[in-house]
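Given next are the chains, with one letter for each unit.
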Amino acid sequence: MINALFAAGPDRWDTYVSPLKAAFEGAGLEVDLRQDFAPEEVDYIIYAPHSDLQDFRPYTRCKAVLNLWAGVEKITGNATLTQPLCRMVDPGLTQSMVEWVTGHVLRYHLEIDRSVALQDRWLPYVPPLAEERPVTILGLGELGQACATALTRLGFPVSGWSRTAKDLPGLSCHHGTNGLRDALASAQIVVLLLPDTPQTANILDSNSLGWLPQGARIINPGRGPLIDDAALLTALDNGPVDHATLDVFRVEPLPEDHPYWAHPRVTVTPHIAAETRPLTASRVIAENMRRGEAGEAFLYVVDRDRGY
């Protein structure tokens, strides 16, 4: 029997208990899934970073900590965590992110906001073809690559930027500081899908925002700290940024007095771009537990030095 501790908060238990048990059965695993175990009896911890469990030292038998979320920035710095940490790469979350990003890219591309605002006037407008609308994606991990693939299939010329060099078919790939400038210089639409690390904080600041062409649009479903808020507001008021759609923020819910709420060139969405889906995420958890029991390498192990 495998002992699995569900340490993701009581609010998640009712949502996940049935999908997890079904996934364990489908993977041929006999699992005792509980919210409470003696630490020394636990084989795996199913985890979300807001959990009360913050000291991993008593869990001496634990083979891996399996995160329910894609983001791991709130746990990678925990010095008590010596077990392998696996981030969540959920097909359901990936699909929802692709749909959300594609929808907002098309919204900008087709000038849908303009049509909505001009319901009382006949002012025809013909948008360019997708091939004339360059898109840059900052972050070429699982989510960034999936979104890039979807946009490329629609005909958009897509450039990507990552901290380290990558070579991906169909994409113009950039990396490093000089590469960031090149990636932004021609971007009419920028999508941020980077992790939250010290190296990526404020990657869009007063300096890098100035590299964008006049009229650029920004879409951020990644992490709030990727953008310097004051610099973005200045760029919206004075150029070059025409509009920003923001789904993530440094403080959530976004405070009622935050300038984004009232800014005419900002669209706020309440962190809805992508959510871990219990059905598909449970299968990922079960597969990693199967691998652990079989002595195989875990999927999606976090590099603690890189933070993701």
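Look above for the structure.
Residues numbered from 1 in each chain as written. Predicted model: local features only at pLDDT ≥ 70, side-chain atom pairs only at ≥ 80, totals over all residues. Heavy atoms only, no water.

## What to know about the state of the cysteines
Defined simply, a disulfide is a covalent bond joining two cysteines at their sulfur atoms.
At step 1: Counted by the stated rule, this structure contains 0 disulfides.
At step 2: With no disulfide partner, Cys147 has as its closest neighbouring cysteine sulfur the one in Cys173, 15 Å distant.
At step 3: With a relative accessible area of 24%, Cys173 lands in the partly exposed category. (Disulfide = S-S within 2.5 Å. Buried < 20%, exposed > 50% of the residue type's maximum accessible area, 1.4 Å probe, protein only.)

## Remarks on the sheet that holds strand β4 (residues 64–67)
At step 1: Taken in spatial order, the 5 strands line up as β2-β1-β3-β4-β5 in an open sheet, and their pairing is parallel. A strand with exactly one partner marks an edge of an open sheet, and here the two such strands are β2 (31–34) and β5 (85–86).
At step 2: As defined by bridge partners, strand β1 (residues 2–7) adjoins strand β3 (residues 44–47) across 4 bridges and the pair is classed as parallel. Looking at the pairing, Ala7 lines up with Tyr47 of β3. (Pairing = 2+ DSSP bridges. Helix = DSSP H or I, 4+ residues; strand = E, 2+ residues; numbered from the N terminus.)

## Some remarks on helix α1 (residues 10–26)
At step 1: Helix length check: α1, at 17 residues, gives a terminal C-alpha distance of 24 Å against a target of 24 Å (1.5 Å per residue), a fit within 8%.
At step 2: In α1, a bend of some 50° at Tyr16 exceeds every other bend along the element, and Pro19, a proline, comes one to four places later.
At step 3: Among all positions of α1, only Trp13, Tyr16, Val17, Pro19, Leu20, Ala23 and Phe24 are buried.
At step 4: In this fold, the buried residues of α1 make contact with β1, β2, β3 and α9 (278–294).
At step 5: After α1 finishes, the residue Gly28 shows a positive phi value of roughly 75°. (Expected span 1.5 Å × (residues − 1). Bend = angle between axes of the 7 residues up to and from the residue. Contact = heavy atoms within 4.5 Å.)

## Looking at the pairing of β2
At step 1: Across the two faces of β2 the burial differs, with Val31 and Leu33 buried and Asp32 and Arg34 not buried at all.
At step 2: With 4 bridges connecting them, β1 and β2 associate as parallel partners. In the sheet register, Asn3 faces β2, and the bridge partner there is Asp32.
At step 3: Handedness of the crossover is the feature at issue here: the chain leaves β1, passes through α1, returns alongside β2, and the resulting connection is right-handed. (Right-handed = clockwise from strand over helix to strand, strands pointing away.)

## Some details on the pairing of strand β9 (residues 189–192)
At step 1: The alternating pattern of β9 places Ile189 and Val191 on one face and Val190 and Leu192 on the opposite face, and all of these are buried.
At step 2: Of the strand pairs in this sheet, strand β6 (residues 135–138) and β9 are connected by 4 bridges, and their pairing is parallel. When the bridges of β9 are listed, Leu138 appears paired with Leu192.
At step 3: Relative to strand β10 (residues 216–220), β9 is paired through 3 bridges, and the arrangement is parallel. The partner of Val190 across the bridge, within β10, is Ile218.

## Looking at the side chain of Thr276
At step 1: Within the fold, Thr276 resides in the loop between β12 (266–268) and α9.
At step 2: Thr276 gets classed as buried once you look at its relative accessible area, which sits at 7%.
At step 3: Sequence-distant contacts of Thr276, defined by excluding residues within four places in its chain, comprise Tyr16, Leu68, Trp69, Met88, Asp90, Leu93 and Ala281.

## Things to note about the sheet that holds β9
At step 1: Spatially, the 7 strands line up as an open sheet ordered β8-β7-β6-β9-β10-β11-β12, and their pairing is parallel. In the strand order of this sheet, the two ends are held by β8 (172–175) and β12, each with one partner. Going from strand to strand, the sheet's axes swing by 15° on average, the running direction of each strand aside.
At step 2: Direction of pairing for strand β7 (residues 158–162) relative to β8: parallel, over a ladder of 4 bridges. (Axes fitted to C-alpha atoms, helices over the stretch in contact; angles between N-to-C directions.)

## A word on the pattern of salt bridges
At step 1: Applying the stated criterion across every chain, the model contains 14 salt bridges.
At step 2: Asp113 serves as the salt-bridge partner of Arg107, at 2.7 Å between the closest nitrogen and oxygen.
At step 3: Residue Asp242 is joined to Arg217 by a salt bridge in which the shortest nitrogen-to-oxygen separation is 3.2 Å. Of the two residues, Asp242 sits in strand β11 (residues 241–246) while Arg217 sits in strand β10, which places them 25 residues apart along the sequence.
At step 4: A residue is classified by how much of its surface remains accessible, and Asp242, at 27% relative accessible area, is partly exposed.
At step 5: In this structure, a network of salt bridges that share partners links the residues Glu287, Arg290, Arg291 and Glu296. (Salt bridge = Lys/Arg side-chain N within 4 Å of Asp/Glu carboxyl O.)

Nothing here speaks to function; it is all geometry.
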